[in-house]
Structures are given as structure tokens and as C-alpha cells.
Amino acid sequence: MWDQRYDTELYLYGTEPNGFLVSVADRLPAAAEVLCLAEGEGRNSVYLAGRGHRVLAVDSSAVGLAKAQKLATARKVTLETRVEDLARLEIKPNGWDGIVSIFAHVPSAIRRELHR
């Protein structure tokens, strides 16, 4: 469903980062390793990469992540992307300096375990 939704030249959620993320981004240590969940078209992960962080953006949509890479290239930042099913994503304890989950549409059946 998300591949079809993102299959347009427009960025459905825009290219500017979420306002809440901007307001708390200074809490991350310099050059932090950040995992961005359900990142879609990349507006938040590209913003963090532009602040000098090493970012892995994961999403179930290859189309969305391709647009994230396009945005990263336009902004001249490096972004790692990976197509992942959040129900199967293994997040190692203490493996990240920060984890971003903004407007992640996570099914209730996996939400508790993912957030843990």
C-alpha cells in the first residue's frame, strides 16, 4: 500500500523535518548513530544526517526510501536506507544513540514489543 501511495513526484509529508524532532534534535550527542523507524520519504532522517549524524532509515516501502535517497542526494548528505518489516526488525539493546519514530503506523499487535 505504501509503495503505491509514495509513487508520485510529490513528497506526501513534505521535505522539511517534523517540528517536534527539530525541537529535540539538540538532545542527541554529536555524530550520533540514529535509527529512524517507518521513515517513508526521508524528511526526518535526511534532516538528522544534515546535522552530522549517522542515520539508518527503515521502512516497508522501497518507493518511499528511494525518495529518501533522492532527497539526501539533493541535500548532499549520506543516508543508509533499508526496507524492513517492523514486525521482524531486531533492535539491539543500546545499539543506537537515538531512535526516531514519528507518525509510524504500527499495527497494535506489534506496537508494544517494538516500543520495548
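One can find the structure itself at the top, above this paragraph.
Residues numbered from 1 in each chain as written. Predicted model: local features only at pLDDT ≥ 70, side-chain atom pairs only at ≥ 80, totals over all residues. Heavy atoms only, no water.

A. Quick look at the pairing of strand β2 (residues 54-59). With 5 of 6 residues buried, β2 lies mostly within the body of the structure. By the bridge criterion, 4 bridges tie β2 to strand β3 (residues 80-83) in an arrangement that is parallel. Paired with L56 across the two strands is E80, which belongs to β3. In terms of handedness, the path from β2 via helix α4 (residues 62-74) over to β3 forms a crossover that is right-handed. (Buried < 20%, exposed > 50% of the residue type's maximum accessible area, 1.4 Å probe, protein only. Helix = DSSP H or I, 4+ residues; strand = E, 2+ residues; numbered from the N terminus. Pairing = 2+ DSSP bridges. Right-handed = clockwise from strand over helix to strand, strands pointing away.)

B. Structural view of the nonpolar core. Within the largest apolar cluster, 21 residues are counted, with the highest numbers of intra-cluster contacts made by V34, L48, V55, L79 and V100. If you list the elements that add at least two residues to this core, you get β1 (33-37), α3 (43-50), β2 and α4. In this structure, L37, L89, V106 and L114 belong to the second largest nonpolar core, which totals 9 residues. (Core = buried A, V, L, I, M, F, W, Y, C linked by side-chain atoms within 4.5 Å.)

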